Amino acid sequence: MDGLAVTDAEARLRDDLLHAYHILDADGQASGIAGHLTARLPGRDRFWSHQWGVGFDEVRADGLIEADFDLNTTRGNGRVNPTLHIHTRIYLTRPDVTCIVHTHGKAGVALGCAGMTLEPITQTGAIFADDIALFDEFHGIVLGTDEGDAIAAALGRSRALLLKNHGALVVGGNVAEACIGMTVLEWAADVQLRAAAAGPLQHLAPEAAAQSKTFLLDPANLGLRWAFMKRKIARTRPFLEGQ
């Protein structure tokens, strides 16, 4: 480990990342020790994540660790999740991405298991209109770069990916965008499954979906939503205050 001090930019990144773990835990997407988040500063070939074997609800500021794209720990203690080549290969192909969230939320998993992707049927879910793909394969647990490359190729330029028989993945230009996106994806997947059970899906008009997507992804609106989500989780988990 190099022992370098954490910069102000990294401190802000780590603070958002820490809150994201607990927001997703409260959203029911913790997946035991299986889910994972990573975040990096723009252009960096290293990322921050949590220690392998620790649940989302157990993550604390001093437990975050930095690793390189070979999954070697460069700062902190312990090692990262061995399946994080799902993330490293996306970072290598998507310089615009600085945060990746991968979870196994029930609704997202169910949608993928049915071979479906998210459809533009709700105002909130419209953030993924023409911006989500389906990885229609499953070759087992991702322990090497080849499967990571295949997932990165399936994601392409999209914002999200459903992994058939596996889970869901959302990328963003910052932690807020990726974390909010994953909570929306799980909610919208649940609504879609319920709607499909009730009758034929009624799609938004393309122009309405595009207008909703633009509004919801506006950086100012994302910032307000993220600030609210951080305040809300801190009310039930006071140790997040001042982290």
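Now for a look at the structure at hand. These numbers were taken from a predicted model, which means no experiment stands behind them. Counting restarts for each chain: residues are numbered from 1 in the order of the written sequence. Residue-level local features of this predicted model are given only where pLDDT is at least 70; pairs of side-chain atoms are given and counted only at 80 or more, and the full residue set underlies all totals for whole chains, interfaces and linings. Based on all heavy atoms of the structure, the side-chain values leave hydrogens and waters out of the count.

### Notes on the overall build of the protein chain
- Summing up its helical and strand segments, the protein chain has seven helices and eight strands in all.
- Both definitions apply: the radius of gyration is a C-alpha atom measure, and the globule rule equals 2.2 Å times residues to the power 0.38. Taking 2.2 N^0.38 as the reference for a compact globule, 243 residues should give roughly 18 Å; the C-alpha atoms of the protein chain span a radius of gyration of 17 Å, in line with that estimate.
- Projecting the C-alpha coordinates of the protein chain onto the three principal axes gives extents of approximately 55 × 40 × 30 Å.
- Burial status follows relative accessibility: with a 1.4 Å probe on protein chains alone, a residue under 20% of its type maximum counts as buried, one over 50% as exposed, and anything between as partly exposed. A total of 243 residues make up the protein chain; the buried ones form 50% of that total. Put simply, DSSP H or I for four residues or longer makes a helix, DSSP E for two residues or longer makes a strand, and each gets a number counted from the N terminus.

### Notes on helix α2 (residues 85-93)
- When we look at burial in α2, the residues that qualify are His 85, Ile 86, His 87, Thr 88, Ile 90 and Tyr 91.
- Any pair of residues with heavy atoms lying within 4.5 Å of one another is described as a contacting pair. In this fold, the buried residues of α2 make contact with β1 (36-39), β2 (46-50), β5 (99-103), α4 (145-155) and β8 (167-172).

### Regarding the layout of surface pockets
- Taken as a whole, the largest pocket spans an internal volume of roughly 350 Å³.
- Along the wall of the largest pocket there are 14 residues; nearest its centre are Ile 23, Asp 27, Thr 183, Met 229 and Lys 232.
- Secondary-structure elements contributing two or more residues to the lining of the largest pocket are α1 (8-26), α5 (175-198) and α7 (219-236).
- Broken down by element, the residue count for the lining of the largest pocket peaks at six residues, all from α7. Cavity and pocket criteria rest on a 1 Å grid covering protein atoms alone: a 1.4 Å probe that fits but cannot get out defines a cavity, protein on both sides within 12 Å along at least 5 of 7 lines defines an open pocket, and an atom within 4 Å of a point defines a lining residue. Grid points are joined across faces, edges and corners, and a volume is the space filled by probe spheres set on the points.

### So, the packing of aromatic side chains
- Centres within 6.5 Å are what make two rings of Phe, Tyr or Trp a pair, Trp counting through its six-membered ring; a difference in plane orientation under 30 degrees is then read as stacked, over 60 as edge-to-face, and the rest as tilted. Under the defined criterion, the tally for this structure stands at three aromatic pairs.
- With a centroid separation of 5.2 Å and an interplanar angle of 75 degrees, the aromatic rings of Tyr 21 and Phe 56 are classed as edge-to-face. With Tyr 21 in helix α1 and Phe 56 in the loop between β2 and β3 (64-68), this pair connects stretches of sequence that are 35 residues apart.
- Residue classification places Tyr 21 among the buried positions, given a relative accessible area of 0%.
- A relative accessible area of 1% places Phe 56 in the buried class.
- Seen from their ring centres, Phe 69 and Tyr 91 are 6.0 Å apart, and the 10 degrees between their planes marks the pair as stacked. Of this pair, Phe 69 sits in the loop between β3 and β4 (73-75) while Tyr 91 sits in helix α2; the two residues are 22 residues apart in sequence, bridging distant segments of the chain.

### Considerations on the pattern of salt bridges
- The salt bridge criterion pairs a side-chain nitrogen of Lys or Arg with a carboxyl oxygen of Asp or Glu, the two atoms within 4 Å. Following the criterion strictly, the structure yields 15 salt bridges and no others.
- Notably, a salt bridge pairs Glu 10 with Arg 75, separated by 2.8 Å at the nearest N-O pair. Here Glu 10 is found in helix α1, whereas its partner Arg 75 is found in strand β4, with 65 residues between them in sequence. Across this residue pair, the class does not change: Glu 10 and Arg 75 are buried.
- Put simply, Asp 190 and Arg 194 hold a salt bridge, and the shortest N to O gap is 2.8 Å.

### Some remarks on the nonpolar core
- Core analysis: the largest hydrophobic core is formed by 46 residues, its most contacted members being Leu 37, Leu 118, Phe 128, Leu 185 and Trp 226.
- When residues of this core are traced back to their parent elements, those giving at least two are α1, β1, β5, α3 (106-113), β7 (160-163), β8, α5 and α7.
- Of the residues forming this core, the biggest block, ten residues, is contributed by α5.
- Note on terminology: a nonpolar core comprises buried Ala, Val, Leu, Ile, Met, Phe, Trp, Tyr and Cys residues joined through side-chain atoms within 4.5 Å. Ranked by size, the runner-up nonpolar core spans 22 residues in total, among them Leu 71, Ile 86, Tyr 91 and Leu 161.

### Some remarks on the pairing of β5
- Burial within β5 is extensive, with five of its five residues counted as buried.
- Going residue by residue along β5, you find Cys 99, Val 101 and Thr 103 tucked away on one face and Ile 100 and His 102 tucked away on the opposite face as well.
- Inspection of the sheet shows β1 paired to β5 by four bridges, in the antiparallel sense. The residue bridging His 36 from the neighbouring strand is His 102, located in β5.
- A pair of strands is considered paired only if DSSP assigns at least 2 bridges between the two. With five bridges connecting them, β5 and β8 associate as antiparallel partners.

### Remarks on the packing of α3 against α5
- Note on method: axes are straight lines fitted to C-alpha atoms, helices fitted across the in-contact stretch only, with angles between N-to-C directions ranging 0 to 180 degrees. Across the interface, α3 lies against α5 with an axial gap of 7 Å and an inter-helix angle of 55 degrees. Judged by the inter-axis angle, α3 sits oblique to α5. Every pair of crossing elements has a handedness; the one defined by α3 and α5 is left-handed. Here Lys 106, Ala 107, Gly 108, Ala 110 and Leu 111 of α3 lie close against α5, whose contacting residues are Glu 186, Ala 189, Asp 190, Gln 192 and Leu 193.
- Of the residues assigned to the contact of α3 with α5, the class counts are five nonpolar, two polar and three charged. Oblique is the label for every angle not falling under 35 degrees (roughly parallel), over 145 degrees (roughly antiparallel), or within 65 to 115 degrees (roughly perpendicular). By the definition used in this description, the sense in which the near helix is turned from the far one sets the handedness, with an anticlockwise turn below a right angle giving left-handed and a clockwise turn giving right-handed. Polarity classes work like this: nonpolar for Ala, Val, Leu, Ile, Met, Phe, Trp, Tyr, Cys and Pro, charged for Asp, Glu, Lys and Arg, and polar for all others, with Gly in that last group.

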